Amino acid sequence: MMFKACIALRTDYRKFHVSFLLLICLFIFNCDLFDQKDSGINFSWQRTNGPFGSEVYALTNTNGDIIAGADNGIFRMKKNENSWRDISENLPDYTAVMALAVNADGIIFAGTYGMDGCGVYRRDGNGSWTKIYSGGIWSVVTSLAIDSDGNIFMGRVVFFGASGIFRSTNNGSTWTNVYGGSDMSNFINTLTITDSGDILAGIYEGIVRSTDGGNNWEIINFTESNVKSFVNGLDGEIFAGTDDGSIYSTDSNGETWSFKSQMETMVNSLAVDFQGNI
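Overview of the overall build of the chain
Then, in step 1: Helix and strand counts for the chain stand at 0 helices and 26 strands.
Then, in step 2: Sequence separation of at least 24 residues holds for 43% of the intrachain contacts in the chain that already meet a minimum separation of 6.
Then, in step 3: Only carbon and sulfur atoms are counted for the fraction: they give 45% of the accessible area of the chain, which is about 11800 Å².

Written out as structure tokens, the structure reads:
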């Protein structure tokens with residue numbers, strides 16, 4: 001298997017004129033992506049060809065293409081190619097793309113943060129982006145996940161209010177808060193849906209899980225690490241990356257986790273390609 005991820009560096013958010021460090025973006029990706037072959041637990045990394053001039057926050061896959069969300073837009077790398085194309089089109093200026101998800105019809109959803117607050121955008125068939133959710137200036141959409149019924153789950157962090165998970169059952173027209181609160185333990189970093197339909201959320205001190213579509217949530221057995229990223233392998237195995245550089249995996253819907261590798265920096269995003277490489 002191959003791992004595809006980014007090396008994390010410390011930064012602040014001065015470009016958005018915010019005077020504090022954005023916690024879920026405190027360690028963000030440098031301007032290049034890396035791919036790496038798995039040889040047991042010994043890892044070596046090789047740069048891909050960009051995307052250059054940007055800091056990458058999110059990765060996802062659609063039909064073998066890799067989509068990257070960055071501080072200056074959204075980029076696509078076609079299957080079997082090694083170059084990136086900007087597909088931002090009509091996204092507002094100074095919009096950082098923090099989260100990406102693709103539904104069963106291949107429609108891309110992007111969670112953002114910018115000068116006018118957070119938002120969720122949907123890419124229409126003509127290639128343009130439509131805003132389907134608007135949040136406050138002190139909030140950021142950190143994660144998106146879509147279940148087999150097309151329900152969209154959004155992780156949102158609010159720095160002076162209630163953070164949590166929101167659900168839309170109508171393709172983004174309306175949203176309902178299904179998990180959250182005002183303390184840091186409710187900061188939602190990442191979301192994923194297991195093959196059995198369970199929802200996993202990486203939070204500030206571990207992982208919470210819902211087995212009933214988001215109506216109820218439980219804390220599951222994991223380390224106390226700040227879980228920053230998930231990716232679903234093609235065989236049902238799920239990988240988790242943490243702020244201390246660890247990578248774990250589970251093949252039991254999150255019941256038990258196995259340590260896989262140790263990176264030197266935060267693992268803030270992971271993606272899988274059409275061959276199952278991660």
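Now, onward.
Side note on the layout of surface pockets
Then, in step 1: Here the largest pocket defines a volume of roughly 1200 Å³.
Then, in step 2: Lining the largest pocket are 46 residues, and of these Thr60, Leu100, Ala101, Thr192 and Asn232 sit closest to its centre.
Then, in step 3: Elements supplying a minimum of two residues to the lining of the largest pocket: β6 (56-62), β10 (95-102), β14 (139-146), β18 (188-193), β22 (227-232) and β26 (270-271).
Then, in step 4: Ranked by residues supplied to the lining of the largest pocket, first place goes to β6 with 6 residues.
Then, in step 5: Split by residue class, the lining of the largest pocket holds 22 nonpolar, 20 polar and 4 charged.

Comments concerning the packing of aromatic side chains
Then, in step 1: Counting across every chain of the model gives 6 aromatic pairs.
Then, in step 2: Measuring from ring centre to ring centre gives 5.5 Å for tyrosine 179 and tryptophan 217, while their planes differ by 50 degrees; the resulting arrangement is tilted. With tyrosine 179 in strand β17 (residues 176-181) and tryptophan 217 in the loop between β20 (206-210) and β21 (218-219), the pair connects residues that are 38 residues apart, well separated along the chain. The pair tyrosine 179 / tryptophan 217 is uniform in exposure class, with both members buried.
Then, in step 3: On the numbers, 6.4 Å between centres and 25 degrees between planes, the contact of phenylalanine 230 with tryptophan 257 is stacked. You can see phenylalanine 230 sitting in strand β22 and its partner tryptophan 257 sitting in the loop between β24 (246-250) and β25 (258-262), a full 27 residues away along the chain.

Topic: the sheet that holds strand β8 (residues 73-77)
One key point about sheets: their strands pair by backbone hydrogen bonds, in either a parallel or an antiparallel sense.
Then, in step 1: Overall, antiparallel pairing links the 4 strands, which are arranged β6-β7-β8-β9 in an open sheet. Either end of the sheet is taken by a strand with one partner, and the two such strands are β6 and β9 (85-86).
Then, in step 2: Relative to strand β7 (residues 65-70), β6 runs antiparallel, the two sharing 6 bridges. Following the sheet pairing, threonine 62 is matched in β7 by aspartate 65.

Focus: the environment of asparagine 216
Then, in step 1: One can find asparagine 216 in the loop between β20 and β21.
Then, in step 2: Separated by 37 residues in the primary sequence, asparagine 216 and tyrosine 179 place their C-alpha atoms 8.0 Å from one another.
Then, in step 3: The residues contacting asparagine 216, other than those within four sequence positions of it, are Arg209, Ser210 and Thr211.
Then, in step 4: Within the structure, the side chain of asparagine 216 is placed 2.6 Å from the side chain of aspartate 212, a separation counted as a polar contact.

Let's talk about the nonpolar core
Then, in step 1: One finds Val120, Tyr133, Val141, Leu144, Met154 and Trp175 to be the most contacted residues of the largest nonpolar core, which totals 14 residues.
Then, in step 2: Every element with two or more residues in this core is listed here: β10, β12 (117-123), β13 (129-134), β14 and β15 (152-158).
Then, in step 3: Here the element with the most residues in this core is β14; it accounts for 3 residues.
Then, in step 4: Setting aside anything within four residues of it in sequence, one finds tryptophan 175 in contact with Ile132, Tyr133, Ile152, Met154, Phe166, Arg167 and Ser168.
Then, in step 5: With 13 residues, the next largest nonpolar core counts Ala145, Phe153, Ile188 and Ile203 among its residues.

A word on the pattern of salt bridges
Then, in step 1: In the structure shown here, the tally under the stated rule is 6 salt bridges.
Then, in step 2: Aspartate 65 serves as the salt-bridge partner of lysine 78, at 3.9 Å between the closest nitrogen and oxygen. Here lysine 78 is found in the loop between β8 and β9, whereas its partner aspartate 65 is found in strand β7, with 13 residues between them in sequence.
Then, in step 3: By relative accessible area, lysine 78 is classed as partly exposed at 38%.
Then, in step 4: The closest approach of N and O atoms between glutamate 255 and arginine 209, which form a salt bridge, is 2.7 Å. Taken together, the positions of glutamate 255 in the loop between β24 and β25 and arginine 209 in strand β20 put the pair 46 residues apart, joining distant regions of the chain.
Then, in step 5: Salt bridges sharing common partners tie together Asp65, Arg76 and Lys78.

Structural notes on the confidence of the model for the chain
Then, in step 1: Residue-level pLDDT values for the chain average 79, and 81% of them are 70 or greater.
Then, in step 2: Under a pLDDT of 50 for its full length, residues 1-32 has, in the predicted model, 125 contacts with residues more than four places off or in other chains.
Then, in step 3: Here residues 37-41 is a poorly scored stretch, pLDDT under 50, and it has 10 contacts once near neighbours within four places are set aside; other chains count.

Quick notes on the rules
- Note on numbering: residues in each chain are counted from 1, in written sequence order.
- Two thresholds apply to this predicted model, a pLDDT of at least 70 for residue-level local features and 80 or more for giving and counting side-chain atom pairs, whereas whole-chain, interface and lining totals are computed over all residues.
- The basis for the side-chain values is all heavy atoms of the structure; hydrogens and waters are excluded.
- Helix and strand definitions follow DSSP, with helices as H or I runs of at least four residues and strands as E runs of at least two, each counted in order from the N terminus.
- By definition in these notes, contact holds between two residues if any of their heavy atoms fall within 4.5 Å.
- Per-residue and other accessible areas were derived by the Shrake-Rupley procedure at a 1.4 Å probe size, with only the shown protein chains allowed to occlude residues.
- Both cavities and pockets are sets of points on a 1 Å grid over the protein atoms alone; in a cavity a 1.4 Å probe fits but cannot get out, in a pocket the set is open with protein on both sides within 12 Å along at least five of seven lines, and lining residues sit with an atom within 4 Å of a point.
- Grid points are joined across faces, edges and corners, and a volume is the space filled by probe spheres set on the points.
- All residues other than Ala, Val, Leu, Ile, Met, Phe, Trp, Tyr, Cys, Pro, Asp, Glu, Lys and Arg, Gly among them, are scored as polar; the first ten of these are nonpolar and the last four charged.
- Any Phe, Tyr or Trp ring, taking Trp's six-membered ring, that has another such ring centre within 6.5 Å forms a pair; planes under 30 degrees apart are called stacked, those over 60 apart edge-to-face, and the others tilted.
- Between buried and exposed lies partly exposed: a residue is buried under 20% and exposed over 50% of the maximum accessible area for its type, with that area taken using a 1.4 Å probe on protein chains only.
- For two strands to be treated as a pair, DSSP must find at least two bridges joining them.
- Think of a polar contact as two N or O atoms within 3.5 Å of one another; within protein, one of them needs to be a possible hydrogen donor and the other a possible acceptor, and neighboring residues in sequence only count if both atoms come from side chains.
- Remark: nonpolar core denotes a set of buried residues (Ala, Val, Leu, Ile, Met, Phe, Trp, Tyr, Cys) joined through side-chain atoms within 4.5 Å.
- Each reported salt bridge corresponds to a side-chain nitrogen of Lys or Arg within 4 Å of a carboxyl oxygen of Asp or Glu.
- pLDDT runs from 0 to 100 and stands for how confident the predictor is about each residue.

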